[in-house]
Amino acid sequence: MDTDRYRVKPGSKVGLAAWDPADDGGLDKVDGQAQLEKERFELARLQELLYADGRHKLLVVLQAIDAGGKDGTIRSVFERVNPQGVEVTSFKRPTDVEVAHDYLWRVHQHVPRSGILSIFNRSHYEDVLVVRVHGLVPKAQWSKRYGHIKAFEQMLIDEGTTVRKFLLHISKEEQRVRQQERIDDPSKNWKFAKADLEERKHWDAYQAAFEDMVTKTSTAASPWYVIPANRNWYRNLLVTTVLNEALRGLGLRYPPPEEGIAGLVVN
Ligand code: ATP
Ligand code: MG
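Residues numbered from 1 in each chain as written. Chains lettered and ligands numbered in written order. Predicted model: local features only at pLDDT ≥ 70, side-chain atom pairs only at ≥ 80, totals over all residues. Heavy atoms only, no water.

**Q** What should I look at first to understand the sheet that holds strand β5 (residues 224-228) in this one?
**A** The pairing of strands in a sheet happens through backbone hydrogen bonds and is either parallel or antiparallel. Taken together, five strands build an open sheet; the order of strands is β2-β3-β1-β4-β5 and the sheet is parallel. Since the sheet does not close on itself, it has two edges, and those belong to β2 (86-90) and β5, each with one partner. Each strand axis lies, on average, 20° off the axis of its neighbour in the sheet, ignoring direction. Pairing between β2 and strand β3 (residues 117-121): five bridges, direction parallel. Bridge assignment links Glu87 to a residue of β3, and that residue is Ser118. On the sheet, helix α10 (residues 203-217) packs against β1 (57-64), β4 (161-169) and β5 and is oriented at approximately 155° with respect to β4. (Pairing = 2+ DSSP bridges. Helix = DSSP H or I, 4+ residues; strand = E, 2+ residues; numbered from the N terminus. Axes fitted to C-alpha atoms, helices over the stretch in contact; angles between N-to-C directions. Contact = heavy atoms within 4.5 Å.)

This is the structure we're talking about:
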């Protein structure tokens, strides 16, 4: 599985039109799903090791357009993982108290502590996405945030955090299909708000904001991956595989046993 072709190389300029959202890596769906199931078990194994080892922290950032599949990715990728070592934070519209602070204030308190894998469902990147698209703060203000965010993430990395960031990339047609499903299927109505149709009108502005985001903030230690996400199984397979590669790179190990326990017999 070649995940590196989906990684945004630092210094390269991303134009999303060149990234096929329907890409399936030439894999057959049945094979892909079988591979995904293996990777899920591997993630569960590595996550237990992360927890037991207790020396490292993993931060996973998910961003996508409305109906881009953030929730489904979390549900599928982490299906086999022990919830005890995982924390999910969904960043919604900020509260009055949150907007009264700097934009990283609400984020910092949710970064992972040692042994923990934290998932950000939306993140501090909303502050260069929705905030930019809707002009919630002036450009002079949001344009400085790419630099802050890089420095913030570098600080987390220097303090022992591994960071992997995923932009789930769907086509405009796929968003149409998914939003229509949310309207037509009563069990999906709860995911839909009329405002989502208004947001869809800003499709191009969101694509431009995504392009700048990944172009300006993908670094060697804190890479963005642009994940083709029209096909849920391929999206899930790629995200799971990237996380496994990252965890394997940490040299995780079970902590050494307490001294003198070898040969003890429990009566
Ligand atoms: P889905 O994508 O599946 O619809 P969701 O993440 O959109 O799920 P919602 O409650 O529908 O969940 O949306 C959360 C909303 O919060 C989004 O419209 C997002 O743009 C907004 N939001 C998140 N962070 C910020 C921020 N910093 N400033 C303003 N709005 C924000
Ligand atoms: Mg929504």
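**Q** Would you take a moment to explain the UniProt feature "domain: Polyphosphate kinase-2-related" (unreviewed entry) in the protein chain for this structure?
**A** Taken from the UniProt record, the annotation "domain: Polyphosphate kinase-2-related" (unreviewed entry) applies to residues 27-247. Spanning residues 27-247, this segment combines 51% helix with 14% strand, and its end C-alpha atoms are found 24 Å apart. (UniProt positions renumbered as here; feature names shortened; annotations may be inferred.)

**Q** Sorry if this is basic, but what is going on with helix α7 (residues 145-158) here?
**A** The periodicity of an α-helix, 3.6 residues per turn, causes residues three or four places apart in sequence to face the same way. Between its first and last C-alpha, α7 extends 20 Å over 14 residues, near the 20 Å set by a 1.5 Å rise per residue. Taken as a whole, α7 has its buried residues at Arg145, Tyr146, Ile149, Phe152, Glu153, Leu156 and Ile157. Take α7 and look down its axis: the buried residues cluster within an arc of 140°, on one side only. Contacts made by the buried residues of α7 are with β1, α4 (105-108), α5 (130-133), α6 (139-142), β4 and α10. Residue Gly160 follows α7 closely and has a positive phi angle near 105°. (Expected span 1.5 Å × (residues − 1). Buried < 20%, exposed > 50% of the residue type's maximum accessible area, 1.4 Å probe, protein only. Arc of directions from axis to C-beta.)

**Q** What is the right way to look at the site of ligand 1 in this model?
**A** For ligand 1, the set of nearby residues contains 16 residues, the closest of which are Asp66, Lys70, Lys92, Arg93 and Arg122. In this structure, Glu126 approaches ligand 1 through a side-chain N or O atom, which is 3.3 Å from an oxygen atom. Notes on ligand 1: free accessible area 640 Å², of which the protein chains cover 81%. Here the shell around ligand 1 is built from residues that sort into six nonpolar, no polar and 10 charged. (Near = heavy atom within 4 Å. Polar contact = N/O pair within 3.5 Å; in protein donor to acceptor, adjacent residues only side chain to side chain. Areas by Shrake-Rupley, 256 points an atom, 1.4 Å probe, with all protein chains shown as cover. Nonpolar A, V, L, I, M, F, W, Y, C, P; charged D, E, K, R; others polar.)

**Q** Hey, could you run me through the packing of aromatic side chains in this one?
**A** Aromatic rings in a pair are described by how distant their centres are and how their planes are angled relative to each other. Under the defined criterion, the tally for this structure stands at seven aromatic pairs. In this structure an aromatic cluster arises from ring pairing among Tyr6, Trp233 and Tyr234. (Phe/Tyr/Trp six-rings, centres within 6.5 Å; stacked < 30°, edge-to-face > 60°.)

**Q** Please explain the pattern of salt bridges as it appears in this structure.
**A** Pairing between side chains of opposite charge can happen when their charged atoms approach one another. A complete count under the given rule lists 20 salt bridges for this structure. Taking the shortest distance from any N to any O, the salt bridge between Glu174 and Arg178 comes out at 2.8 Å. Placement of both Glu174 and Arg178 in helix α8 (residues 172-184) is noted, with a separation of four residues, approximately one turn of the helix. An identical accessibility class is assigned to Glu174 and Arg178; each is buried. One salt-bridge network, held together by shared partners, links Glu37, Arg40, Glu79 and Arg80. (Salt bridge = Lys/Arg side-chain N within 4 Å of Asp/Glu carboxyl O.)

**Q** Quick question: what am I supposed to make of the pairing of β5 here?
**A** When a strand is regular, its side chains alternate between the sheet's two faces. Burial within β5 is extensive, with five of its five residues counted as buried. Pairing geometry for β4 and β5, over five bridges, is parallel. Paired with Leu168 across the strands is Ile227, a residue of β5.

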